[in-house]
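Remarks on the overall topology
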Amino acid sequence: MSFLKLGIIGYPLTHSLSPLLHAELMRQLGVDGEYRKYEISPEALPITLPQLAQQGIRGVNVTIPHKVAVMHAMDWLSPEAELAGAVNTIVFQPDPSGNILRQGHNTDIAGFMRGLPSSARNPLQQSHVLVLGAGGSARAVMTGLIQAQTQAITFAVRNPAKALSITSDGQLIKKTLNSPTQLNLVALDNLSDTPGGNLSGFAGLINTTPVGMYPNNIQSPLSSLQLQTLPSHAWVYDLIYRPVETQLLQQAQALGLTAINGLDMLIYQGICAFELWSGRQVPDTLVNALRHSLQQQLEKSPNQ
Ligand code: NAP
(Lines give C-alpha, C1' and ligand atoms only; values in the text may rest on other atoms or scores of the structure.)
Protein backbone atom coordinates (compact mmCIF):
# COMPACT_ATOMS: atom_id res chain seq x y z
CA MET A 1 0.00 0.00 0.00
CA SER A 2 1.31 3.49 -0.82
CA PHE A 3 1.80 6.17 1.84
CA LEU A 4 -1.64 6.70 3.47
CA LYS A 5 -2.47 10.38 4.01
CA LEU A 6 -5.28 10.88 6.52
CA GLY A 7 -6.47 13.65 8.82
CA ILE A 8 -9.22 15.37 10.71
CA ILE A 9 -11.02 18.63 9.97
CA GLY A 10 -12.64 20.74 12.70
CA TYR A 11 -12.53 24.16 14.31
CA PRO A 12 -10.90 24.47 16.81
CA LEU A 13 -8.94 21.23 16.93
CA THR A 14 -6.94 21.47 20.13
CA HIS A 15 -8.42 18.48 22.00
CA SER A 16 -8.58 15.63 19.49
CA LEU A 17 -7.34 12.16 20.43
CA SER A 18 -7.84 10.94 16.85
CA PRO A 19 -4.23 11.64 15.72
CA LEU A 20 -2.93 9.39 18.51
CA LEU A 21 -5.55 6.72 17.78
CA HIS A 22 -4.71 6.55 14.08
CA ALA A 23 -0.95 6.76 14.61
CA GLU A 24 -1.28 3.75 16.93
CA LEU A 25 -3.50 1.90 14.42
CA MET A 26 -0.97 2.48 11.63
CA ARG A 27 1.91 1.41 13.88
CA GLN A 28 0.15 -1.79 14.98
CA LEU A 29 -0.86 -2.69 11.41
CA GLY A 30 2.49 -1.74 9.86
CA VAL A 31 0.86 0.87 7.60
CA ASP A 32 3.10 3.67 6.30
CA GLY A 33 1.18 6.94 6.61
CA GLU A 34 0.26 10.08 8.52
CA TYR A 35 -2.82 11.55 10.21
CA ARG A 36 -2.77 15.33 10.41
CA LYS A 37 -4.99 17.97 11.98
CA TYR A 38 -6.53 20.45 9.53
CA GLU A 39 -8.05 23.32 11.46
CA ILE A 40 -10.54 24.84 9.01
CA SER A 41 -12.99 27.59 9.88
CA PRO A 42 -16.61 27.30 8.68
CA GLU A 43 -16.00 30.21 6.26
CA ALA A 44 -12.97 28.47 4.70
CA LEU A 45 -14.60 25.02 4.42
CA PRO A 46 -16.14 25.34 0.90
CA ILE A 47 -12.73 26.24 -0.61
CA THR A 48 -10.43 24.12 1.55
CA LEU A 49 -12.30 20.80 1.36
CA PRO A 50 -11.85 20.40 -2.44
CA GLN A 51 -8.19 21.43 -2.04
CA LEU A 52 -7.60 18.60 0.48
CA ALA A 53 -8.96 16.13 -2.05
CA GLN A 54 -6.36 17.36 -4.58
CA GLN A 55 -3.45 16.82 -2.15
CA GLY A 56 -3.47 13.02 -2.32
CA ILE A 57 -5.27 12.72 1.00
CA ARG A 58 -7.22 9.47 1.18
CA GLY A 59 -9.74 10.71 3.72
CA VAL A 60 -10.52 12.78 6.77
CA ASN A 61 -12.57 12.60 9.94
CA VAL A 62 -14.97 15.46 10.48
CA THR A 63 -15.62 16.98 13.87
CA ILE A 64 -17.30 20.00 15.47
CA PRO A 65 -18.62 22.21 13.89
CA HIS A 66 -18.57 20.66 10.39
CA LYS A 67 -20.47 17.36 10.71
CA VAL A 68 -23.72 18.72 9.23
CA ALA A 69 -22.26 21.44 6.99
CA VAL A 70 -20.10 19.00 4.95
CA MET A 71 -23.17 16.94 3.98
CA HIS A 72 -23.91 19.35 1.11
CA ALA A 73 -20.35 19.09 -0.22
CA MET A 74 -20.52 15.28 -0.70
CA ASP A 75 -20.94 13.48 -4.04
CA TRP A 76 -22.33 10.44 -2.27
CA LEU A 77 -23.68 9.69 1.22
CA SER A 78 -23.78 6.32 2.96
CA PRO A 79 -27.23 5.22 4.18
CA GLU A 80 -26.08 5.84 7.80
CA ALA A 81 -24.89 9.39 7.06
CA GLU A 82 -28.16 10.09 5.29
CA LEU A 83 -30.20 8.75 8.20
CA ALA A 84 -28.24 10.58 10.89
CA GLY A 85 -28.04 13.81 8.86
CA ALA A 86 -24.32 14.08 9.69
CA VAL A 87 -20.94 13.02 8.26
CA ASN A 88 -17.96 12.18 10.49
CA THR A 89 -15.79 10.45 7.86
CA ILE A 90 -15.00 11.46 4.28
CA VAL A 91 -13.34 9.17 1.73
CA PHE A 92 -11.74 10.89 -1.28
CA GLN A 93 -12.36 8.31 -4.01
CA PRO A 94 -10.81 8.78 -7.48
CA ASP A 95 -13.16 7.69 -10.31
CA PRO A 96 -11.99 6.19 -13.65
CA SER A 97 -11.95 9.62 -15.34
CA GLY A 98 -9.61 11.07 -12.72
CA ASN A 99 -12.20 13.06 -10.75
CA ILE A 100 -12.03 12.73 -6.99
CA LEU A 101 -15.43 11.91 -5.52
CA ARG A 102 -16.23 12.94 -1.94
CA GLN A 103 -17.99 10.11 -0.12
CA GLY A 104 -19.59 10.92 3.25
CA HIS A 105 -19.99 8.28 5.97
CA ASN A 106 -21.10 8.25 9.58
CA THR A 107 -19.08 5.85 11.75
CA ASP A 108 -20.26 7.44 15.04
CA ILE A 109 -23.37 5.23 14.86
CA ALA A 110 -21.41 1.98 14.59
CA GLY A 111 -18.89 3.32 17.14
CA PHE A 112 -21.64 4.02 19.65
CA MET A 113 -23.33 0.64 19.12
CA ARG A 114 -20.07 -1.34 19.29
CA GLY A 115 -19.23 0.48 22.54
CA LEU A 116 -22.44 -0.90 24.06
CA PRO A 117 -21.79 -4.25 25.79
CA SER A 118 -23.86 -7.17 24.43
CA SER A 119 -25.67 -7.45 27.80
CA ALA A 120 -27.15 -3.99 27.05
CA ARG A 121 -27.41 -4.37 23.25
CA ASN A 122 -29.21 -7.72 23.07
CA PRO A 123 -32.36 -6.75 25.03
CA LEU A 124 -32.82 -3.34 23.31
CA GLN A 125 -36.09 -4.44 21.65
CA GLN A 126 -37.56 -4.69 25.15
CA SER A 127 -35.73 -1.65 26.57
CA HIS A 128 -36.74 1.93 27.29
CA VAL A 129 -33.60 4.09 27.12
CA LEU A 130 -33.16 7.58 28.56
CA VAL A 131 -30.91 9.91 26.52
CA LEU A 132 -29.69 13.16 28.09
CA GLY A 133 -29.19 15.87 25.42
CA ALA A 134 -30.29 16.22 21.80
CA GLY A 135 -27.21 17.53 19.97
CA GLY A 136 -24.99 15.96 17.29
CA SER A 137 -23.95 12.84 19.18
CA ALA A 138 -27.53 12.27 20.40
CA ARG A 139 -28.55 11.95 16.73
CA ALA A 140 -25.96 9.21 16.11
CA VAL A 141 -27.15 7.51 19.31
CA MET A 142 -30.79 7.80 18.22
CA THR A 143 -30.05 6.37 14.76
CA GLY A 144 -28.22 3.38 16.25
CA LEU A 145 -30.97 2.72 18.77
CA ILE A 146 -33.74 2.96 16.14
CA GLN A 147 -31.73 0.65 13.83
CA ALA A 148 -31.58 -1.83 16.70
CA GLN A 149 -35.40 -1.60 17.05
CA THR A 150 -35.14 -0.31 20.63
CA GLN A 151 -38.56 -0.31 22.26
CA ALA A 152 -38.55 3.37 23.34
CA ILE A 153 -36.23 6.35 23.70
CA THR A 154 -36.92 9.35 25.94
CA PHE A 155 -34.76 12.43 25.37
CA ALA A 156 -34.36 14.66 28.44
CA VAL A 157 -33.17 18.14 27.49
CA ARG A 158 -32.79 21.53 29.12
CA ASN A 159 -34.74 23.29 26.37
CA PRO A 160 -37.45 21.07 24.82
CA ALA A 161 -38.60 23.74 22.33
CA LYS A 162 -35.08 23.87 20.85
CA ALA A 163 -34.87 20.06 20.69
CA LEU A 164 -38.18 19.36 18.93
CA SER A 165 -36.46 18.48 15.65
CA ILE A 166 -34.75 15.43 17.16
CA THR A 167 -38.02 13.58 17.60
CA SER A 168 -39.44 14.75 14.25
CA ASP A 169 -36.24 13.63 12.45
CA GLY A 170 -36.42 10.42 14.48
CA GLN A 171 -39.92 9.77 13.10
CA LEU A 172 -38.47 9.86 9.57
CA ILE A 173 -35.67 7.46 10.54
CA LYS A 174 -38.26 5.11 12.11
CA LYS A 175 -40.30 5.19 8.91
CA THR A 176 -37.26 4.52 6.69
CA LEU A 177 -36.13 1.63 8.88
CA ASN A 178 -39.63 0.38 9.64
CA SER A 179 -38.82 0.45 13.35
CA PRO A 180 -41.40 0.50 16.17
CA THR A 181 -39.24 2.67 18.51
CA GLN A 182 -41.35 5.13 20.49
CA LEU A 183 -39.81 8.59 20.82
CA ASN A 184 -40.51 11.02 23.68
CA LEU A 185 -39.09 14.39 24.71
CA VAL A 186 -39.13 15.75 28.28
CA ALA A 187 -37.52 18.65 30.09
CA LEU A 188 -34.54 17.62 32.25
CA ASP A 189 -36.17 19.52 35.12
CA ASN A 190 -39.33 17.41 34.71
CA LEU A 191 -37.70 14.00 34.67
CA SER A 192 -39.95 13.03 37.56
CA ASP A 193 -42.86 13.27 35.08
CA THR A 194 -41.62 10.08 33.35
CA PRO A 195 -43.76 6.96 33.94
CA GLY A 196 -43.60 5.97 37.60
CA GLY A 197 -42.34 9.39 38.66
CA ASN A 198 -38.73 8.18 38.69
CA LEU A 199 -36.18 6.34 36.50
CA SER A 200 -37.34 2.81 37.37
CA GLY A 201 -38.79 2.27 33.86
CA PHE A 202 -35.44 2.75 32.09
CA ALA A 203 -33.10 -0.12 31.24
CA GLY A 204 -30.29 2.26 30.33
CA LEU A 205 -29.18 5.88 30.49
CA ILE A 206 -26.93 7.65 27.96
CA ASN A 207 -25.33 11.02 28.61
CA THR A 208 -24.73 12.91 25.36
CA THR A 209 -24.33 16.31 27.06
CA PRO A 210 -20.86 17.71 27.87
CA VAL A 211 -21.80 17.99 31.58
CA GLY A 212 -18.94 16.40 33.55
CA MET A 213 -16.36 16.84 30.79
CA TYR A 214 -12.86 18.12 31.67
CA PRO A 215 -12.29 20.61 33.33
CA ASN A 216 -15.75 20.40 34.96
CA ASN A 217 -15.02 16.93 36.33
CA ILE A 218 -17.12 17.29 39.48
CA GLN A 219 -20.35 18.06 37.61
CA SER A 220 -22.95 15.41 36.87
CA PRO A 221 -26.14 15.75 34.79
CA LEU A 222 -28.11 13.74 37.40
CA SER A 223 -27.98 13.37 41.18
CA SER A 224 -27.23 10.08 42.93
CA LEU A 225 -30.77 10.28 44.34
CA GLN A 226 -32.15 10.23 40.80
CA LEU A 227 -29.74 7.49 39.68
CA GLN A 228 -30.65 5.19 42.52
CA THR A 229 -34.20 4.95 41.13
CA LEU A 230 -32.83 3.11 38.05
CA PRO A 231 -33.35 -0.68 38.13
CA SER A 232 -30.40 -2.62 39.64
CA HIS A 233 -29.59 -4.19 36.20
CA ALA A 234 -29.49 -0.78 34.43
CA TRP A 235 -26.45 0.47 32.51
CA VAL A 236 -25.13 4.03 32.33
CA TYR A 237 -23.19 5.06 29.19
CA ASP A 238 -21.41 8.41 29.26
CA LEU A 239 -20.13 9.48 25.82
CA ILE A 240 -17.48 11.60 27.55
CA TYR A 241 -13.97 10.07 27.68
CA ARG A 242 -12.14 13.03 29.23
CA PRO A 243 -12.05 12.23 32.18
CA VAL A 244 -12.09 8.48 31.58
CA GLU A 245 -14.41 8.12 34.58
CA THR A 246 -16.86 10.99 34.90
CA GLN A 247 -18.72 11.93 38.06
CA LEU A 248 -21.85 10.31 36.53
CA LEU A 249 -20.00 7.01 36.01
CA GLN A 250 -18.56 7.13 39.53
CA GLN A 251 -22.09 7.60 40.91
CA ALA A 252 -23.36 4.70 38.77
CA GLN A 253 -20.54 2.42 39.90
CA ALA A 254 -21.14 3.28 43.55
CA LEU A 255 -24.74 2.10 43.04
CA GLY A 256 -23.59 -1.17 41.45
CA LEU A 257 -24.81 -0.20 37.96
CA THR A 258 -22.91 -1.05 34.76
CA ALA A 259 -20.81 1.99 33.80
CA ILE A 260 -19.55 2.53 30.22
CA ASN A 261 -17.37 5.46 29.14
CA GLY A 262 -16.97 7.05 25.70
CA LEU A 263 -13.51 5.65 24.97
CA ASP A 264 -14.73 2.54 23.15
CA MET A 265 -17.11 4.63 21.02
CA LEU A 266 -14.15 6.81 20.04
CA ILE A 267 -12.00 3.78 19.26
CA TYR A 268 -14.66 1.93 17.24
CA GLN A 269 -15.70 4.97 15.18
CA GLY A 270 -11.99 5.42 14.39
CA ILE A 271 -11.56 1.76 13.46
CA CYS A 272 -14.60 1.89 11.14
CA ALA A 273 -13.19 5.03 9.47
CA PHE A 274 -9.74 3.48 9.11
CA GLU A 275 -11.25 0.37 7.49
CA LEU A 276 -13.04 2.58 4.94
CA TRP A 277 -9.83 4.46 4.07
CA SER A 278 -7.40 1.56 4.04
CA GLY A 279 -9.63 -1.29 2.86
CA ARG A 280 -8.09 -3.32 5.69
CA GLN A 281 -9.94 -5.20 8.41
CA VAL A 282 -8.78 -4.14 11.89
CA PRO A 283 -8.63 -7.21 14.15
CA ASP A 284 -10.58 -6.99 17.45
CA THR A 285 -7.38 -8.00 19.24
CA LEU A 286 -6.03 -4.46 18.69
CA VAL A 287 -8.81 -2.78 20.68
CA ASN A 288 -7.19 -3.44 24.09
CA ALA A 289 -3.87 -1.97 22.94
CA LEU A 290 -5.61 1.11 21.53
CA ARG A 291 -7.63 1.59 24.73
CA HIS A 292 -4.43 1.29 26.79
CA SER A 293 -2.58 3.92 24.71
CA LEU A 294 -5.46 6.40 24.85
CA GLN A 295 -6.01 5.88 28.58
CA GLN A 296 -2.30 6.49 29.22
CA GLN A 297 -2.41 9.68 27.16
CA LEU A 298 -5.52 10.91 29.02
CA GLU A 299 -3.93 10.23 32.40
CA LYS A 300 -0.66 11.92 31.37
CA SER A 301 -2.28 15.07 29.94
CA PRO A 302 -6.04 15.25 30.62
CA ASN A 303 -6.46 18.48 28.64
CA GLN A 304 -4.68 17.50 25.39
P1 NAP B 1 -23.56 19.16 20.95
O2 NAP B 1 -23.98 18.88 19.54
O3 NAP B 1 -23.13 20.51 21.33
O4 NAP B 1 -24.80 18.71 21.90
C5 NAP B 1 -24.75 18.84 23.29
C6 NAP B 1 -26.12 18.60 23.90
O7 NAP B 1 -25.96 18.74 25.33
C8 NAP B 1 -27.20 19.62 23.49
O9 NAP B 1 -28.45 18.99 23.51
C10 NAP B 1 -27.09 20.68 24.61
O11 NAP B 1 -28.27 21.37 24.83
C12 NAP B 1 -26.83 19.79 25.80
N13 NAP B 1 -26.17 20.51 26.89
C14 NAP B 1 -25.04 21.23 26.84
N15 NAP B 1 -24.75 21.75 28.06
C16 NAP B 1 -25.74 21.33 28.90
C17 NAP B 1 -26.01 21.53 30.27
N18 NAP B 1 -25.20 22.27 31.03
N19 NAP B 1 -27.10 20.94 30.80
C20 NAP B 1 -27.93 20.20 30.03
N21 NAP B 1 -27.73 19.97 28.72
C22 NAP B 1 -26.64 20.52 28.16
O23 NAP B 1 -22.35 18.20 21.37
P24 NAP B 1 -22.04 16.71 20.89
O25 NAP B 1 -21.21 16.73 19.67
O26 NAP B 1 -23.32 15.95 20.86
O27 NAP B 1 -21.10 16.20 22.08
C28 NAP B 1 -21.61 16.03 23.37
C29 NAP B 1 -20.64 15.23 24.24
O30 NAP B 1 -20.43 13.93 23.68
C31 NAP B 1 -19.26 15.86 24.38
O32 NAP B 1 -18.84 15.70 25.71
C33 NAP B 1 -18.39 15.03 23.46
O34 NAP B 1 -17.05 14.97 23.90
C35 NAP B 1 -19.05 13.67 23.57
N36 NAP B 1 -18.83 12.86 22.36
C37 NAP B 1 -18.13 11.71 22.48
C38 NAP B 1 -17.91 10.93 21.37
C39 NAP B 1 -17.14 9.64 21.50
O40 NAP B 1 -16.65 9.13 20.49
N41 NAP B 1 -17.05 9.10 22.68
C42 NAP B 1 -18.40 11.32 20.11
C43 NAP B 1 -19.13 12.52 20.02
C44 NAP B 1 -19.33 13.30 21.17
P45 NAP B 1 -28.55 22.81 24.13
O46 NAP B 1 -28.97 22.49 22.72
O47 NAP B 1 -29.62 23.38 24.97
O48 NAP B 1 -27.26 23.57 24.18
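Residues numbered from 1 in each chain as written. Predicted model: local features only at pLDDT ≥ 70, side-chain atom pairs only at ≥ 80, totals over all residues. Heavy atoms only, no water.

1. Looking at the overall build of the protein
As a reminder, the rule being used: For helices the rule is a DSSP run of H or I covering at least 4 residues; for strands it is a run of E covering at least 2, with both sets numbered from the N terminus onward. Two things to know: the radius of gyration comes from C-alpha atoms, and the globule rule equals 2.2 Å times the number of residues to the power 0.38. When a residue's accessible area, from a 1.4 Å probe over protein chains only, is under 20% of the maximum for its type it is buried; when over 50% it is exposed; and in between it is partly exposed. Should any heavy atoms of two residues lie within 4.5 Å, those residues are counted as being in contact. Calculation of accessible area relied on Shrake-Rupley with a 1.4 Å probe; when residues are assessed, cover is drawn exclusively from the protein chains displayed. Neither His nor the chain ends is counted toward charge; the positive residues are Lys and Arg and the negative residues Asp and Glu. Where a charge lies is defined by one atom per residue type, namely NZ (Lys), CZ (Arg), CG (Asp) and CD (Glu).
Assigned secondary structure in the protein consists of 11 helices and 12 strands. By the compact-globule yardstick of 19 Å for 304 residues, the protein fits well, its C-alpha radius of gyration being 19 Å. By principal-axis analysis of the C-alpha atoms, the protein measures approximately 60 × 45 × 35 Å. Across the 304 residues of the protein, 50% fall into the buried class. A sequence separation of at least 24 residues applies to 74% of the contacts in the protein between residues at least 6 apart. A total accessible area of about 13,900 Å² is found for the protein, and carbon and sulfur atoms account for 51% of it. Side chains of the protein carry 18 positive and 19 negative charges; the gap between the two charge centres is 2 Å.

2. Structural notes on the sheet that holds strand E4 (residues 76-77)
Put simply, the rule reads: For two strands to be treated as a pair, DSSP must find no fewer than two bridges joining them.
Strand order in the open sheet formed by 6 strands is E2-E1-E3-E5-E6-E4, and the pairing between neighbours is mixed. Each edge of the open sheet carries a strand with a single partner, namely strand E2 (33-39) and E4.

3. Overview of the domain arrangement of the protein
Where we set the bar: Each domain's limits were defined by an automated method or a database of domain assignments. Two parts placed together each lose some accessible area; with a 1.4 Å probe, that loss summed over both constitutes the buried area. When a carboxyl oxygen of Asp or Glu lies within 4 Å of a side-chain nitrogen of Lys or Arg, that pair is called a salt bridge.
Along its sequence, the protein is carved into domain 1 (4-106 + 264-300) and domain 2 (110-261). The gap between the C-alpha centroids of domain 1 and domain 2 is 26 Å. With 14 residues of domain 1 at the contact, the number on the domain 2 side is 17 residues. The junction of domain 1 with domain 2 conceals about 1,500 Å² of combined surface from both sides, 65% of it contributed by carbon and sulfur atoms. Considering only the side of domain 1, the residues that lose the most area to domain 2 are Leu-83, Met-265 and Leu-298, jointly responsible for 41% of the buried surface there. Viewed at the interface, domain 2 and domain 1 are joined by 1 salt bridge. Put simply, Arg-114 and Asp-284 hold a salt bridge, and the shortest N to O gap is 3.5 Å.

4. Considering the packing of helix H10 (residues 263-278) against helix H11 (residues 287-300)
Operational definition: Angular values range over 0 to 180 degrees, each being the angle between N-to-C directions of two axes fitted as lines to C-alpha atoms, with helices fitted over their stretch in contact. For this classification, under 35 degrees means roughly parallel, over 145 means roughly antiparallel, 65 to 115 means roughly perpendicular, and everything else is oblique. Two helices that cross are described as forming a left-handed crossing if the nearer one is turned anticlockwise from the farther one by less than a right angle, and a right-handed crossing if clockwise. Residues were grouped as follows: Ala, Val, Leu, Ile, Met, Phe, Trp, Tyr, Cys and Pro as nonpolar; Asp, Glu, Lys and Arg as charged; and all remaining residues, including Gly, as polar.
With their axes 10 Å apart at the nearest point, H10 and H11 run at an angle of 125° to one another. Looking at the two axes, H10 sits oblique to H11. As H10 runs across H11, the sense of the crossing is right-handed. Where H10 approaches H11, its residues Leu-263, Asp-264, Leu-266, Ile-267, Tyr-268 and Ile-271 are matched on the opposing element by Val-287, Leu-290, Arg-291, Leu-294, Gln-295 and Leu-298. Across the contact of H10 with H11, the residue classes tally to 9 nonpolar, 1 polar and 2 charged.

5. Section: the site of the ligand
How we decide: When at least one non-hydrogen atom of a residue lies within 4 Å of a molecule or strand, that residue is treated as near it. For this analysis, a polar contact is any N or O atom pair within 3.5 Å, provided that within protein one partner can donate a hydrogen and the other can accept it, and provided that sequence-adjacent residues contribute only side-chain to side-chain pairs.
As a structural note, the neighbourhood of the ligand is formed by 20 residues, with Ala-134, Gly-136, Ser-137, Arg-158 and Gly-262 the closest of them. Separating an oxygen atom of the ligand from a side-chain N or O atom of Lys-162 is a distance of 2.9 Å. For the ligand, whose free accessible area comes to 920 Å², the fraction covered by protein is 73%. Secondary-structure elements contributing two or more residues to the shell around the ligand are helix H6 (136-147) and H10. Its residues assigned to classes, the shell around the ligand comprises 11 nonpolar, 7 polar and 2 charged.

6. Quick word on the sheet that holds strand E8 (residues 152-157)
The strand order across the open sheet built from 6 strands is E9-E8-E7-E10-E11-E12, with neighbouring strands paired in parallel fashion. Here the strands that pair on one side only, and so sit at the sheet edges, are strand E9 (182-187) and strand E12 (258-260). Sheet twist, expressed as the mean angle between neighbouring strand axes with direction ignored, is 15°. Relative to strand E11 (residues 235-238), strand E10 (residues 204-207) runs parallel, the two being bridged by 4 bridges. By the bridge assignment, Asn-207 is partnered in E11 with Asp-238. Together, strand E7 (128-132), E8, E9 and E10 form the strand contacts of H6, whose direction differs from that of E8 by roughly 165°.

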